[in-house]
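Here are the chains, one letter per residue:
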Amino acid sequence: MRRCHWRFAGLDEKGQSTVEAAVLLPVAMVVLALLLQPAMLLYTRAVMSGVAAEGARLATTATQDEMGSLVDGYVRRRLRAVPDVACFHAGGADAWEVEAESDGARVRVSVRGHARPLPLVGVTAGLVGQMDGGDVLLSAEVERGMRSEWVGGDYDDWIASWG
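Reference entry: report on the structure contained in this document.

What counts as what
Along each chain, the written sequence defines residue order, and numbers are assigned to residues from 1. The model is predicted, so local features are restricted to residues of pLDDT at least 70 and side-chain atom pairs to those at 80 or more, both for listing and for counting; the totals for chains, interfaces and linings are taken over all residues. Derived side-chain values reflect all non-hydrogen atoms in the structure, with water molecules and hydrogen atoms excluded from consideration. Nonpolar side chains (Val, Leu, Ile, Met, Phe, Trp, Tyr) are joined into patches within 5 Å and like charges within 9 Å, using only residues with over 30% relative accessible area and no salt bridge. Only the protein chains shown count as cover for residues, and all accessible areas are computed by the Shrake-Rupley method using a 1.4 Å probe. Here, a salt bridge means any side-chain nitrogen of Lys or Arg that lies within 4 Å of a carboxyl oxygen of Asp or Glu. A run of DSSP states H or I qualifies as a helix once it reaches four residues; a run of E qualifies as a strand once it reaches two. Both are numbered from the N-terminal end. Note: two strands are recorded as paired if DSSP finds a minimum of 2 bridges between them. Only the stretch in contact is used when fitting a helix axis, every axis being a line fitted to C-alpha atoms; angles between N-to-C directions are given from 0 to 180 degrees. Contacts between residues were defined by any pair of non-hydrogen atoms, one from each residue, lying within 4.5 Å. The span one expects for a helix is its residue count, reduced by one, times 1.5 Å. Classification of residues uses two cut-offs on accessible area relative to the type maximum, computed with a 1.4 Å probe and protein chains only: under 20% is buried, over 50% is exposed, and between them is partly exposed. Residue types Ala, Val, Leu, Ile, Met, Phe, Trp, Tyr and Cys, when buried and joined through side-chain atoms within 4.5 Å, form a set referred to as a nonpolar core.

**Observations regarding a nonpolar patch on the surface**
Part 1 of the reasoning: Together, L25, M29, L32 and L36 give the surface a local cluster of nonpolar side chains, amounting to about 390 Å² of exposed area.
Part 2 of the reasoning: Its location among the elements puts L36 in helix α1 (residues 16-59).

In structure tokens form, the structure reads like this:
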């Protein structure tokens, strides 16, 4: 009769790390993607908000005739800070939608764009923002008065007070 002896101390463990890596590496990559996608969308949204505010500030000093082209060109130049990668902004530099309008007392600047979510993250990206087809719709809008509320009178009154 032959007896089987298990020798735990002498077991061969050469393949253990390979199996652990095969299990943990995809999980780590999915977790990384879940963390990166919101960071990319928040970066794009922060740049858009800042650019819209700067565009509104510029629009308060522009005349009605030059406001559209001046603000549009300035905003598009500043939006180059967003990487031209689909998960940040899809469609390139011409895909941004920039609107600037004024009614004489208030000015409004809005910026819209699309970002393509990373694979497997599109479902959660849809929960964070609005979806437009397969892309996430990003938008920023700033509205401000042409001058501060504490300022009384009109432009002619101010010119007369300095005359």
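Next comes the rest of the account.
**Re the sheet that holds strand β1 (residues 97-102)**
Sheets are built from strands that pair by backbone hydrogen bonding, the pairs being arranged parallel or antiparallel.
Part 1 of the reasoning: As summarised here, the arrangement of the four strands in space is β1-β2-β4-β3, forming an open sheet in which the pairing is antiparallel. The open sheet has two edge strands, β1 and β3 (130-132), and neither has a second partner. Sheet twist, expressed as the average angle between the axes of neighbouring strands with direction ignored, equals 25 degrees.
Part 2 of the reasoning: Pairing of β3 with strand β4 (residues 135-145) involves three bridges; the strand directions are antiparallel. Opposite M131, over in β4, you have V136 as the bridge partner.
Part 3 of the reasoning: Sitting on the sheet, α1 touches β2 (106-115) and β4, and the angle it makes with β4 is about 30 degrees.

**Observations regarding α1**
Residues that lie three or four places apart on an α-helix share one face, since the helix turns once every 3.6 residues.
Part 1 of the reasoning: Helix length check: α1 (44 residues) gives 64 Å between terminal C-alpha atoms against 64 Å at 1.5 Å per residue, within 8%.
Part 2 of the reasoning: Listed as buried for α1 are A33, Q37, M40, L41, T44, V47, M48, V51, A52, G55, A56 and A59.

**Section: the nonpolar core**
Part 1 of the reasoning: Ranked by internal contacts, the top residues of the largest apolar core, which has 26 residues, are M48, V75, L79, W96 and V111.
Part 2 of the reasoning: The biggest single contributor to this core is α1, with eight residues.

**Notes on the pairing of β1**
Part 1 of the reasoning: Across six bridges, β1 lies against β2 in antiparallel orientation. In the strand pairing of β2, E99 is matched with S110.
Part 2 of the reasoning: The antiparallel pairing of β1 with β2 creates a hairpin that spans three residues between the two strands, and G104 there sits at a positive phi of about 100 degrees.

**Some thoughts on the pattern of salt bridges**
Part 1 of the reasoning: Taken as a whole and assessed by the stated rule, the structure comprises nine salt bridges.
Part 2 of the reasoning: The closest approach of N and O atoms between D135 and R116, which form a salt bridge, is 3.4 Å. One end of the pair, D135, is in strand β4; the other, R116, is in the loop between β2 and α3 (122-128), and 19 residues separate them in sequence.
Part 3 of the reasoning: For D135, a relative accessible area of 15% corresponds to the buried category.

Read these as spatial facts, not as claims about activity.
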